[in-house]
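Observations on chain architecture
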Amino acid sequence: MEFTDSYKQTGPCCFSPNSRFIAVAVDYRLVVRDTLSFKVVHLFSCLDKISYIEWALDSEYILCGLYKRPMIQAWSLTQPEWTCKIDDGPAGIAYARWSPDSRHILTTSDFQLRLTVWSLVNTACVHVQWPKHTSKGVSFTQDGKFAAVCTRKDCKDYVNLISCHTWEIMGVFAVDTLDLADIEWSPDDSSIVVWDSPLEYKVLIYSPDGRCLFKYQAYESGLGVKSVSWSPCGQFLAVGSYDQMLRVLNRLTWKTFAEFIHVSTVRGPSCTAIFKEVDEPLQLNMSELCLSDEFIQGNSDSTEGHFRVRYEVTEMPVTLPFQKPLVDKPNPKQGIGLMLWSKDSQYICTRNDSMPTALWIWDIHHLELAAILVQKDPIRAAAWDPTCTRLTLCTGSPHLYMWTPAGAYCVNIPLSEFAITDLKWNSDGSCLLLKDKESFCCAAVPVLPESSDYSSDE
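Residues numbered from 1 in each chain as written. Predicted model: local features only at pLDDT ≥ 70, side-chain atom pairs only at ≥ 80, totals over all residues. Heavy atoms only, no water.

Under an unreviewed UniProt entry, the name given to the chain is WD repeat-containing protein WRAP73 isoform X2, and the organism recorded is Cucurbita moschata.

We now examine the pairing of strand β4 (residues 21-26). In terms of residue burial, β4 counts as a mostly covered element, since 6 of its 6 residues are buried. In β4, alternate side chains face the same way, and those of Phe-21, Ala-23 and Ala-25 on one face and Ile-22, Val-24 and Val-26 on the other are all buried. In the sheet, strand β3 (residues 13-15) pairs with β4 via 3 bridges, with the strands oriented antiparallel. In the strand pairing of β4, Phe-15 is matched with Ile-22. In this structure, the hairpin formed by β3 and β4 is closed by a connection of 5 residues, where Ser-19 is found at a positive phi of approximately 70°. By the bridge criterion, 6 bridges tie β4 to strand β5 (residues 29-34) in an arrangement that is antiparallel. Across the sheet, residue Ile-22 finds its bridge partner in β5, namely Arg-33. Counting the residues in the hairpin turn of β4 and β5 gives 2 residues, including Asp-27, whose phi is positive at 60°. (Buried < 20%, exposed > 50% of the residue type's maximum accessible area, 1.4 Å probe, protein only. Helix = DSSP H or I, 4+ residues; strand = E, 2+ residues; numbered from the N terminus. Pairing = 2+ DSSP bridges.)

Below, the discussion takes up the nonpolar core. Within the largest apolar cluster, 22 residues are counted, with the highest numbers of intra-cluster contacts made by Leu-246, Val-248, Ile-348, Trp-360 and Ile-372. For this core, the secondary structure elements donating two or more residues are β24 (236-241), β25 (245-250), β26 (256-261), β31 (336-341), β33 (358-363) and β34 (368-374). The residues contacting Ile-372, other than those within four sequence positions of it, are Val-266, Ala-273, Ile-274, Phe-275, Ala-358, Leu-359 and Trp-360. Among the nonpolar cores identified, the runner-up in size contains 20 residues, and Val-309, Leu-359, Leu-373 and Trp-403 belong to it. (Core = buried A, V, L, I, M, F, W, Y, C linked by side-chain atoms within 4.5 Å. Contact = heavy atoms within 4.5 Å.)

All right, on to the pattern of salt bridges then. Counted under the stated rule, the structure contains 20 salt bridges. Note that Lys-132 and Asp-157 form a salt bridge whose closest N and O atoms lie 3.2 Å from each other. Remark: Asp-157 occurs in strand β17 (residues 156-163) and Lys-132 occurs in the loop between β14 (125-129) and β15 (138-140); sequence separation between them is 25 residues. Asp-157 shares its class with Lys-132; the two are buried. (Salt bridge = Lys/Arg side-chain N within 4 Å of Asp/Glu carboxyl O.)

This part covers the environment of Leu-434. One can find Leu-434 in strand β40 (residues 431-435). Setting aside its immediate chain neighbours within four residues, Leu-434 contacts Phe-3, Leu-400, Ile-413, Phe-418, Ile-420, Asp-422, Leu-423, Ser-439, Phe-440, Cys-441 and Ala-443.

Bringing the packing of aromatic side chains into the picture now. Tallied over the full model, the rule gives 23 aromatic pairs. Here the aromatic rings of Tyr-52 and Tyr-67 are separated by 6.3 Å at their centres, their planes lie at 20°, and the arrangement is stacked. Here Tyr-67 lies in the loop between β8 (61-66) and β9 (71-76) and Tyr-52 lies in strand β7 (residues 52-55), a separation of 15 residues in the sequence. Aromatic ring contacts, followed pair by pair, group Tyr-201, Phe-214, Tyr-216 and Tyr-219 into a single cluster. (Phe/Tyr/Trp six-rings, centres within 6.5 Å; stacked < 30°, edge-to-face > 60°.)

See below:
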């Protein structure tokens, strides 16, 4: 792997959908770099510090959320002189997003008073009253023709189906939730899943015309759903719960066909690979070097603590580090907080928040645990390669970790004082964006061969 130099950032960084550019927030400036040469191709100055960045799907426009002001500014890469500023007056702006056609911006006001659709074509705007959430509760179909927007009125949750062509409400139906948490269209646009708040375990499947196709409730007492995700193929629906279990439903029958439990002591199956991160001190042979006493005394500390990390295959049974959640504080750190599908829908990785240093990788085709990655530090972020079965993760250390069905390996970042806190793939899987607290870099990732034999110390 090859790494670029580190560059300053003070907020969000993201690739354009076409993978050609990287947008970076540096205080009030928006810096756009070319992905290949890393040269600055555009530099835009906003009116305040940038809190949020989002590319339009056509990679032509970028919106910047200036939530302290609050307002939205949008910029064009093809017409750098073109400017756009959105200010919703006393209502304020708490969140903004692009529509699938890249010509409309949806903003949510403070206190969820209204959702406004702003047109970049004719400056028209459409209002939807009482959106349920600020950043959640809005989902678009894959073809970009319709949007499902959650609203709440008179202590009841509703789903509004809106045409993304005319922005007219095509239909409204009530949903059987106490406090709707979020909504998501299925990948084939044939159904909508909504789920309730953690206080009520309820997952509901609706057709676009408002018919309830299925109601799923794994248990009644205790905290309920924590995460929900469709598989890319649209055949499976994964539900992560506070009871530390992952349940997978089949879309054809809406029945649970797999239940995976996350236990602190793993005893099987025997085919599961357990990769544990360990330190490997660098052994330097200095017997043939002739150094003065003053040099040795002045650099005695610098030769200590130099090491690299690698994965060590551990035999079962293995006991994973476990953190008991505090009972006197809200939002306990337990349950399936991280859940990501691989591109081919064969694997799904999970993190039980009460065991934050372990990443579980489940094989859906064989309905078994494929591997566990046991890190030294809590897992900050993970992401699947969008082109093949390759998983990357970071833990806030100067190391990058990768897993493929052939094995797992660690990569030492050749940058001083660079700790990876977040990572993102570009859409063609050729580049990784790695973020530190105040800087970022990119890594050119080699194409994964069909039969790869990676060793843990590469």
